[in-house]
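Each chain, written out:
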Amino acid sequence: MICSTLRRVGHVHIYLVRKASGVSKGHHQQTVGSRPAASEFAARGASGNVLELLGKSYPQDNYSNLSRKVLSRVGRNLHNQQHHPLWLIKERVKEHFYQQYVGRFGTPLFSVYDDLSPVVTTWQNFDSLLIPADHPSRKKGDNYYVNGTHMLRAHTSAHQWDLLRAGLDAFLVVGDVYRRDQIDSQHYPVFHQLEGVRLFSKHELFTGIKDGESLQLFQQSYRSAYKQETHTMEATKLVEFDLKQTLTRLVTHLFGDAGAQDQIGWAFGLGLERLAMILYDIPDIRLFWSEDERFLKQFRVSDINQKVKFQPLSKYPAVINDISFWLPSENYTENDFYDLVRTTGGDLVEKVELIDKFEHPKTHKTSHCYRITYRHMERTLSQREVRRVHQAVQEAAVQLLGVEGRF
């Protein structure tokens, strides 16, 4: 896929896209086999080691930075677990698109792909979207790399080029995506995206428009392997209107009234957790991974459109501990520390805040102080239990990040 225009509306990314040339029409269905459970092996860049993941082997190198915590989530596919809140959102979106957008022969216009492997090549995740080699989004500190050539997808857009290349012109992609990020009730290293793509031929876009046969998709301008001609104003406005109408209908359905050689189109992306947290009043993103029956049974409904208001589990008290250390002279990033805390403390960690920075006036060494909030979602934690976890975080920070403890 080649992005000609990019705009951002809230959390929705809107693209005008074209497919690569030489495309032949393909089938809208795909058969995907079952997946094995994720390995518990922690890939920490030890060259010569091999990681077994989803039935395939990947050699490790100095780019490998997967943790046991993240690997334990690969293959869980919460969006495909029946009656899970993320599954409910996905099914409601599918139902809407199947009912509202029908092809010429009465079949759904949009095909759905919700079981594509989260392990993709760096070319799929970045280059196919024309993300430059020096773009900051490629940073090792922001992504989970299997090795130098493979990674856990950072967005479902990693599959757009392949699906467009297969000849699809209207599809939804749903899946788990992985990003190294901060720690709070709204962020988790694994979350789920749903995105849609629709392409229009000249005939499809201008049918029904007065004097439409004289309108063009592109202006007469320069085309290269990396950039198509400029879209005409008429084509752009019609595509924008179609996307706005599509998203307005989808939001109304969920919340109630409240590029190709000869094609042009749009793409949008939505976070399933964000939608579910709003629709069902779920306060903490960690809850989506809970296996507590008190949580799961609330979403076992006979009708996917049935209103559900999450009833909070008992609010157990938080236990708070601070950690401070001198940073190493180089190669330290906050996301490395967040990932270490998440890996060591697991879902006991509710939040991590950087509460103080200090630079020594003589040595010019920098110190960070973080406040870590521990809270179990299903029981009361003891200070003794948390102290053991917090000490493990301290030791791991010294050993793996090269910091000098001030504890």
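Computed from a predicted model, the values in this text were never measured in an experiment.

Visitor: Sorry if this is basic, but what is going on with empty space enclosed by the protein here?
Guide: Regions of empty space are outlined by a rolling probe, equal in size to a water molecule, passed over the atoms. Estimated volume of the largest cavity: approximately 70 Å³. Lining the largest cavity are Tyr144, Arg179, Arg180, Asp181, Gln182, Ile183, Tyr188, Pro189, Asn335, Tyr338, Asp339 and Arg342. Here the lining of the largest cavity is built from residues that sort into 5 nonpolar, 2 polar and 5 charged.

Visitor: Looking at this structure, I do not really get the packing of aromatic side chains. What am I missing?
Guide: Two numbers describe a pair of aromatic rings. These are the distance of the centres and the angle of the planes. Applying the stated criterion across every chain, the model contains 19 aromatic pairs. Seen in terms of ring centroids, Phe337 and Tyr338 are 6.5 Å apart; in terms of plane orientation they differ by 50°. Their pairing is tilted. Neither residue differs from the other here; Phe337 and Tyr338 are each classed as buried. An aromatic cluster of at least three residues, connected via ring pairs, comprises Phe97, Tyr101, Phe110, Trp266 and Phe268.

Visitor: I would appreciate a short explanation of the pattern of salt bridges in the present structure.
Guide: Pairing between side chains of opposite charge can happen when the charged atoms of each approach one another. Taken as a whole and judged by the stated rule, the model has 22 salt bridges. Salt-bridge contacts for Asp292 lead to Arg294; the nearest nitrogen and oxygen are separated by 2.7 Å. For Asp292, a relative accessible area of 12% corresponds to the buried category. The exposure class of Arg294 is partly exposed, given its relative accessible area of 31%.

Visitor: Whenever I open this one, the nonpolar core confuses me. Can you help?
Guide: Generally speaking, soluble globular proteins have nonpolar side chains that are buried together. Counting residues in each nonpolar core, the largest one holds 64 residues, and the members touching the most others are Leu53, Leu152, Tyr280, Ile282 and Phe288. Not counting residues within four places of it along the chain, the set of residues in contact with Tyr280 comprises Pro85, Leu88, Ile89, Arg92, Phe299, Val308, Lys309 and Phe310. In this structure, Val319, Val349, Val352 and Leu401 belong to the second largest nonpolar core, which totals 24 residues.

Visitor: Would you explain the environment of Thr149 in this entry?
Guide: Following the sequence through the fold, Thr149 ends up in the loop between helix H3 (122-125) and strand E7 (150-152). Residue Thr149 is classed as partly exposed on the basis of its relative accessible area, which comes to 46%. As for Thr149 and Ser64, which are separated by 85 residues in sequence, their C-alpha atoms are 9.8 Å apart. Those residues in contact with Thr149, other than ones at most four positions away along the chain, are Val120, Thr121 and Thr122.

Visitor: What's the story with the packing of helix H2 (residues 85-100) against helix H6 (residues 233-255) in this structure? I'm lost.
Guide: Axes are the key here: two packed helices are described by the angle between their axes and the distance separating the axes. H6 packs onto H2 with a crossing angle of 125° between their chain directions and a minimal axis gap of 10 Å. Compared by their axis directions, H2 and H6 come out oblique. In the packing of H2 onto H6, the handedness of the crossing is right-handed. Residues Arg92, Val93, Glu95, His96, Phe97 and Gln100 of H2 pack against Thr246, Arg249, Leu250, His253 and Leu254 of H6. A breakdown of the residues in the contact of H2 with H6 according to their chemical character gives 4 nonpolar, 4 polar and 3 charged.

Visitor: I would appreciate a short explanation of the sheet that holds strand E14 (residues 404-405) in the present structure.
Guide: Either a parallel or an antiparallel arrangement is found when strands of a sheet pair, and the pairing is made through backbone hydrogen bonds. Taken in spatial order, the 4 strands line up as E12-E13-E11-E14 in an open sheet, and their pairing is antiparallel. Only two strands of the sheet have a single partner each, and these edge strands are strand E12 (349-359) and E14. Summarising the sheet, E12 and strand E13 (residues 366-374) pair through 9 bridges and their orientation is antiparallel. Of the residues in E13, the one forming a bridge with Glu359 is Thr366. Where helix H9 (residues 334-345) meets the sheet, it contacts strand E11 (319-326), E12 and E13, and its direction lies at approximately 145° from that of E12. Sitting on the sheet, helix H10 (residues 383-401) is in contact with E11, E13 and E14, with an inclination near 20° to E11.

Visitor: In this structure, what is going on with helix H7 (residues 272-280)? I would like to understand it.
Guide: Within H7, 7 of the 9 residues are buried, which leaves it mostly tucked inside the rest of the structure. Regarding H7, the residues found buried are Leu272, Glu273, Leu275, Ala276, Met277, Leu279 and Tyr280. Where H7 is buried, its residues contact H2, strand E8 (170-178), strand E9 (190-201), H6 and strand E10 (263-271). The positive-phi residue at the C-terminal boundary of H7 is Asp281, with phi of around 60°.

Visitor: Quick question: what am I supposed to make of the confidence of the model for the protein here?
Guide: Reading fine detail from the predicted coordinates is not recommended where pLDDT is low. Residue-level pLDDT values for the protein average 85, and 83% of them are 70 or greater. The low-confidence segment residues 1-43 (pLDDT under 50) makes 139 contacts with residues lying over four places distant or belonging to another chain.

Visitor: Just to check I follow, could you spell out the environment of Lys351 for this structure?
Guide: Here Lys351 is to be found in strand E12. Look at Lys351 and you get partly exposed, because its relative accessible area is 33%. A C-alpha to C-alpha distance of 8.0 Å links Lys351 and Arg371, two positions 20 residues apart in sequence. Once you skip the residues sitting within four places of it in the chain, Lys351 turns out to touch Ile183, Asp184, Arg371, Ile372 and Thr373.

Visitor: Just to check I follow, could you spell out the pairing of E13 for this structure?
Guide: A regular strand places its side chains on the two faces of the sheet in alternate fashion. In terms of burial, E13 is a largely internal element, 7 of the 9 residues being buried. Two elements, E11 and E13, share 8 bridges in a ladder whose sense is antiparallel. Opposite Trp326, over in E13, you have Ser367 as the bridge partner. Linking E12 back to E13 in an antiparallel pair, the connection comprises 6 residues, with His364 at a positive phi of about 60°.

Conventions we followed
- Residues numbered from 1 in each chain as written.
- Predicted model: local features only at pLDDT ≥ 70, side-chain atom pairs only at ≥ 80, totals over all residues.
- Heavy atoms only, no water.
- 1 Å grid on protein atoms, 1.4 Å probe; cavity = no way out; pocket = protein on both sides within 12 Å on 5 of 7 lines; lining within 4 Å.
- Points joined across faces, edges and corners; volume = space filled by probe spheres on them.
- Nonpolar A, V, L, I, M, F, W, Y, C, P; charged D, E, K, R; others polar.
- Phe/Tyr/Trp six-rings, centres within 6.5 Å; stacked < 30°, edge-to-face > 60°.
- Buried < 20%, exposed > 50% of the residue type's maximum accessible area, 1.4 Å probe, protein only.
- Salt bridge = Lys/Arg side-chain N within 4 Å of Asp/Glu carboxyl O.
- Core = buried A, V, L, I, M, F, W, Y, C linked by side-chain atoms within 4.5 Å.
- Contact = heavy atoms within 4.5 Å.
- Helix = DSSP H or I, 4+ residues; strand = E, 2+ residues; numbered from the N terminus.
- Axes fitted to C-alpha atoms, helices over the stretch in contact; angles between N-to-C directions.
- Parallel < 35°, antiparallel > 145°, perpendicular 65-115°, else oblique.
- Left-handed = near helix turned anticlockwise from the far one by under 90°.
- Pairing = 2+ DSSP bridges.
- pLDDT = per-residue confidence, 0-100.

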